[in-house]
Amino acid sequence: MEQSVITRVGEGLSAGRDSATQYDPRYDPLVSPGPGHGKQYAPTYWAATAGTPPPDDGPITKDIDVDVAIIGAGYTGLATALCLAREHGIKAVVLEANKTSWGCSSRNGGQGQNASGRLSRSQWIERWGKDVALKMHDEIQEGFDNFKSLVAEIDCDPQPGGHFLIAHRPRMMDKLAAEAKVWKDVFGYPSELIDQATLRREYVNDCEAAGALHEPEGIGIHALKLAYGYLRLAREAGARVHPASPVIGWETINGIHHLRTPGGIVRARSVGIATGAYTAPDLHPSLTSRVMPILSNSMVTRPLTQQEIAACNFRTTQVLTDTRTLRFYYRFLPDNRLQIGSRSAITGADAPNPRHYELLIEGMGRKFPALRGVQIDYSWWGWVDVSHDMMPRVCQPDPKQSVFYALGYGGNGVSYSQQAGRRLAERIAGKGSKQMLPIFTSPLPGHPFAPFRRIGQRMLYQLYFRRDEKP
Ligand SMILES: Cc1cc2nc3c(=O)[nH]c(=O)nc-3n(C[C@H](O)[C@H](O)[C@H](O)COP(=O)(O)OP(=O)(O)OC[C@H]3O[C@@H](n4cnc5c(N)ncnc54)[C@H](O)[C@@H]3O)c2cc1C
């Protein structure tokens, strides 16, 4: 029997629930005062299937003094707390506005890739030169290896084997070949170019695909089970994690940070900010207009029939992305569903507009015509933290202040966020002096026309769309 369609506009609201804690589909980090207080998860496939959450430490209920407070309990905040406890003997307190990993970490596509930020390896060389690019590759690879170790500790439905970067047009095959050559010649990173017929026959019958580049690193995971695993490990190591405890005021008195939450003031010697795209405009001056929140839409179909699976030839369960700038990311899930995501609205107010949903449906139908009209069981969206130079930062923006942050992964944070947490923990513990890469030594850049960024984004989306869809 067909399961009922989850509301297309991603509302997921249930009658009678306290309206203050209801999920707000129109939330927009650039205009909302903050991410909320004790809000429900977005109506994601992950939230519906993650099972019982592990215990947490409940909301803050009184004033407390701590050595280290981390703001945000997504992958970054939880990984920071875990590394602080395991590797530096520091038992941090994590403050989360809503439920654990309510932001990106419960809404993503679950694609752990050997990457971070939006730049390719050849773009690293253009930006920083070969020597720095090589060190960056080592950092990302080390992060991916650490990610694999953590995934092995956590029950999060891993789908390993690598990543297919799928050419959505024949003209993209030359670009993939050029990138593969740089990977091999400069970085010693192996990959394989796969022609159209082999891809469609052996791996997946994506009807737009002209071929693909396959890299050996890449793991699909259950997004919220991974977060729950981080939560459990962090608490077992001695961290405390407080949901429904948004930081709504911040004063620094004699070097001590007074973080005001609805239940009490947390006085901390050091603060790590791990709020991703959900950073309120006035949380801390070092982050004002430093991150551009970009919406991404995601959906999951009902379990597919054997005929549909055969028509799409889903022989691989590895993670898939295509070569569009406004890219699609997709994967055949362990319970025979398809997850697929791509661009969304510009503003939170426009996010529930059905045309963004229709765009994703249409994209799915072009790739997999057999799935046209298939029931969508889950539909949601979330804000991605894109930095103005397309690369993340883990840094201490002002050496005179014991304030640190890690964010700006640009939609590539599932794996690197735990390494960023590790680096953030080193910095907070006073052991970050060997971190010499540009992503560690400079703060997130600002934007000269910050109030007008969305006008620019709108124009860029039109340009990218025309360029992407050209035959
Ligand atoms: C739809 C979507 C699809 C994605 N797909 C992928 C993918 O397939 N692969 C990939 O690598 N990356 C993907 N990403 C990006 C990835 O999810 C993130 O990079 C990663 O989860 C980063 O986690 P984080 O901990 O830095 O931030 P988040 O998980 O967003 O956590 C930040 C937390 O801070 C909390 N917070 C904010 N302000 C306050 C405050 N004042 N007080 C207390 N708490 C506060 C928020 O409530 C939030 O829970 C996707 C993102 C989205 C939105």
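Predicted model, so just to flag it, every value in this text is computed and none were measured.

> Explain the UniProt feature "domain: FAD dependent oxidoreductase" (unreviewed entry) in the chain residue by residue, including any values.
Mapped onto this numbering, the UniProt entry gives "domain: FAD dependent oxidoreductase" (unreviewed entry) at residues 67-427. Structurally, residues 67-427 comprises 32% helix and 26% strand, and the distance from its first C-alpha atom to its last is 14 Å.

> Could you give an account of the nonpolar core, with specific residues and numbers?
Residues Phe147, Ile221 and Leu226 are the most contacted members of the largest nonpolar core, which totals 81 residues. Per element, the largest residue contribution to this core is nine residues, and it comes from helix 7 (residues 223-236). Residues lining this core come from more than one domain, with at least three contributed by each of domain 1 (19-108 + 224-289 + 389-455) and domain 2 (160-219 + 293-387). Ignoring sequence-local partners within four residues, the contact set of Ile221 consists of Trp46, Tyr75, Gly110, Phe147, Val151, Cys156, Asp157, Pro158, Leu226, Arg331 and Val414.

> Give me the packing of helix 3 (residues 121-128) against helix 4 (residues 130-153): which residues, what numbers.
Contact pair helix 3 / helix 4: the axes reach a minimum separation of 7 Å and the direction vectors enclose 140 degrees. Judged on the interaxial angle alone, helix 4 and helix 3 are oblique. The element helix 3 and its partner helix 4 pack so that their crossing is right-handed. Facing helix 3, whose interface residues are Arg121, Trp124, Ile125 and Trp128, helix 4 presents Lys130, Val132, Ala133, Met136, His137 and Ile140. Here the residues of the contact of helix 3 with helix 4 sort into seven nonpolar, one polar and two charged.

> Explain the site of the ligand to me, and be specific about the residues and the numbers.
Taken together, 35 residues surround the ligand, and among them Thr76, Glu96, Ser105, Gln111 and Val414 come closest. Gly109 has a polar backbone atom sitting 2.9 Å from a nitrogen atom of the ligand. In isolation the ligand exposes 1,000 Å². Once the protein is present, 98% of that is buried. Only helix 2 (75-88) and strand 16 (376-387) provide two or more residues apiece to the shell around the ligand. The element contributing the most residues to the shell around the ligand is strand 16, with three residues. Each residue belonging to the shell around the ligand can be placed in one class, and the counts come to 17 nonpolar, 16 polar and two charged.

Scoring rules and cut-offs
- Residues numbered from 1 in each chain as written.
- Predicted model: local features only at pLDDT ≥ 70, side-chain atom pairs only at ≥ 80, totals over all residues.
- Heavy atoms only, no water.
- UniProt positions renumbered as here; feature names shortened; annotations may be inferred.
- Helix = DSSP H or I, 4+ residues; strand = E, 2+ residues; numbered from the N terminus.
- Core = buried A, V, L, I, M, F, W, Y, C linked by side-chain atoms within 4.5 Å.
- Buried < 20%, exposed > 50% of the residue type's maximum accessible area, 1.4 Å probe, protein only.
- Domains from an automatic or database assignment.
- Contact = heavy atoms within 4.5 Å.
- Axes fitted to C-alpha atoms, helices over the stretch in contact; angles between N-to-C directions.
- Parallel < 35°, antiparallel > 145°, perpendicular 65-115°, else oblique.
- Left-handed = near helix turned anticlockwise from the far one by under 90°.
- Nonpolar A, V, L, I, M, F, W, Y, C, P; charged D, E, K, R; others polar.
- Near = heavy atom within 4 Å.
- Polar contact = N/O pair within 3.5 Å; in protein donor to acceptor, adjacent residues only side chain to side chain.
- Areas by Shrake-Rupley, 256 points an atom, 1.4 Å probe, with all protein chains shown as cover.

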